[in-house]
Amino acid sequence: AAKHLGRNNFQIYEMSQDQAQQQDVALISRLRHAERNGELRVFYQPQVDAATEDIVGMEALVRWEHPELGGISPGVFIPLAEESGLIVSLGEWVLRTACAQAQAWEQAFGLRLRLGVNLSAVQLMEPDLLEVVGRVLKETGLDPGLLEMEVTESISIKEVPNLVENLHGLHDLGCRIAIDDFGTGAASLDYLRRLPADRIKIDQSFVRNIGIDPDDEAIVRATIEMAHRLKRGVVAEGVEIEQHFEFLRANHCDELQGYLFCRPLPQASFERLLAERQRLVEGEGAAA
Ligand code: C2E
Ligand code: MG
Ligand code: MG
Ligand code: MG
């Protein structure tokens, strides 16, 4: 009986593996046309100055609205896009869309907001990455100094042989580099030492434990201090509650990003937020 059960279990396991694989294949073939079908959007999440709470930048985050399945999380489809190579065209689309948007907002509101765009390891291996980024900057007219490429720490320096070279190339174009999800990779300090990074983004798994785990608090504090000693900026991700904010401000974190301030917003909502802020500033000016 046990043997029988075992075999059944094995079959169930095999089935579900198989189904998962089939679903992935179906998602990938749909994703292939998502851009052309207008199913992709770029959302924008504000980054605020920790001292003034002014919006000083934003991160571009891709969204996919599947016609039958609804919104699919980037945590699900980005890995599939990487596996299938689709991330190269998808990433270029996000970059172009976000740069054009940032440039339009700069002209409409006179705000020089920094724009963070995530780069996948697969894109960093592309021999023409620098050409693509250079072309997008030229075509959209965005000041390269406003573009910050976010490189996640899970990318291995060994697996992407030209990683360091490509990041220097991005610097030469005038772009900034941020190390994303800092502290979660296997080689955080090696990364910091070898990559030409302007900023680090403290991963939300540490920020979440502020007020809960004294060890994580110590790591956050030490990371901020280390970043500053290395003359790098530091942003905290996943700031959700007042207590996180207080702690990070008290420990001199430069910028903050998280639900406490704002969720990632569709383009029109982000624009309303900027217009609202501008009215407030103008109102203050008129009152003075
Ligand atoms: P990430 O680059 O670390 O982006 C931050 C993620 O944290 C976003 O998730 C954002 O919505 C979420 N977040 C922001 N504030 C809070 C908060 O206060 N609490 C919590 N719990 N979460 C918060 P999202 O948009 O689901 O993206 C997940 C990941 O997918 C990103 O992590 C990034 O690695 C990847 N991704 C998203 N868009 C792109 C893209 O255009 N290209 C590439 N290559 N990867 C992307
Ligand atoms: Mg990011
Ligand atoms: Mg992150
Ligand atoms: Mg991430």
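Since this is a predicted model, take the numbers as computed values, not measurements.

**What about the coordination of the magnesium ion (ligand 2)?**
Ligation of the magnesium ion (ligand 2) by protein atoms is provided by E59 (OE), N118 (OD1), E150 (OE) and D180 (OD), these donors lying 2.0 to 2.2 Å from the ion. As a motif over one chain, the donors of the magnesium ion (ligand 2) read E-x58-N-x31-E-x29-D. Taken as an interatomic distance, the gap from the magnesium ion (ligand 2) to the magnesium ion (ligand 3) is 4.3 Å; D180 donates to each of them. Of this pair, E59 sits in strand β2 (residues 55-66) while E150 sits in strand β5 (residues 147-152); the two residues are 91 residues apart in sequence, bridging distant segments of the chain. You can call E150 buried: its relative accessible area is 1%.

**Re the packing of helix α5 (residues 129-140) against helix α6 (residues 163-172)**
Two quantities define a packed helix pair, namely the angle between the helix axes and the distance between the axes. At a minimum axis separation of 10 Å, α5 and α6 run at an interaxial angle of 20°. Considering their axes alone, α5 and α6 lie roughly parallel with respect to each other. Judged by the twist between their axes, the crossing of α5 over α6 is right-handed. The residues of α6 that touch α5, namely those facing L129, L130 and V133, are N166, G169 and L170. Considered class by class, the residues forming the contact of α5 with α6 number four nonpolar, two polar and no charged.

**Let's talk about the site of ligand 1**
In the neighbourhood of ligand 1, 22 residues make up the surrounding shell, with R63, N118, D180, E240 and Y259 lying closest. In the environment of ligand 1, an oxygen atom lies 2.9 Å from a nitrogen or oxygen atom belonging to the side chain of D180. At 3.2 Å, a side-chain N or O of D181 approaches an oxygen atom of ligand 1. Relative to its free-state accessible area of 800 Å², ligand 1 is covered by the protein chains to the extent of 83%. Ranked by residue count, the leading element in the shell around ligand 1 is β2, at four residues.

**Here we look at the side chain of E148**
In this structure, E148 sits in strand β5. Here R176 takes part through its side chain, which lies 3.4 Å from a polar atom of the side chain of E148. Sequence-distant contacts of E148, that is, excluding residues within four places in its chain, are made with R114, L115, G116, V117, R176, I177, A178 and R199.

Conventions used here
Each chain has its residues counted from 1, running along the sequence as written. Lettering of chains starts at A and numbering of ligands starts at 1, both following the order in which they are written. Predicted model: local features are reported for residues with pLDDT of at least 70 only, side-chain atom pairs are reported and counted for 80 or more only, and whole-chain, interface and lining totals are derived from all residues. Only hydrogens and water are set aside; all other atoms, that is, all heavy atoms of the structure, feed into the side-chain values. Excluding water, the donors of a metal are its N, O and S neighbours within 2.8 Å, or within 3.2 Å for Na, K and Ca, and that exclusion means sites may look incomplete. Going along the chain from the N terminus, every DSSP run of H or I of four or more residues is numbered as a helix, and every run of E of two or more is numbered as a strand. The cut-offs for exposure are 20% and 50% of the maximum accessible area for each residue type, with area from a 1.4 Å probe on protein chains only; residues under the lower value are buried, those over the upper are exposed, and the others partly exposed. Here, axes are lines fitted to C-alpha atoms. For helices the fit covers the stretch in contact, and angles between N-to-C directions go from 0 to 180 degrees. Should an angle lie under 35 degrees it is considered roughly parallel, over 145 roughly antiparallel, and from 65 to 115 roughly perpendicular; all remaining angles are considered oblique. The hand of a helix crossing depends on one turn: near helix anticlockwise from the far one by less than a right angle means left-handed, and clockwise means right-handed. Any two residues having at least one pair of non-hydrogen atoms within 4.5 Å are treated as being in contact. The nonpolar class holds Ala, Val, Leu, Ile, Met, Phe, Trp, Tyr, Cys and Pro. Asp, Glu, Lys and Arg form the charged class, and all remaining residues, Gly among them, are polar. The cutoff for a nearby residue is simple: one of its non-hydrogen atoms must lie within 4 Å of the molecule or strand. Residues adjacent in sequence count toward polar contacts only when both atoms are side-chain atoms; beyond that, a polar contact is any pair of N or O atoms within 3.5 Å, and within protein one must be able to donate a hydrogen and the other to accept it. All accessible areas in this document rest on Shrake-Rupley with a 1.4 Å probe, and a residue is counted as covered only by the protein chains that are shown.

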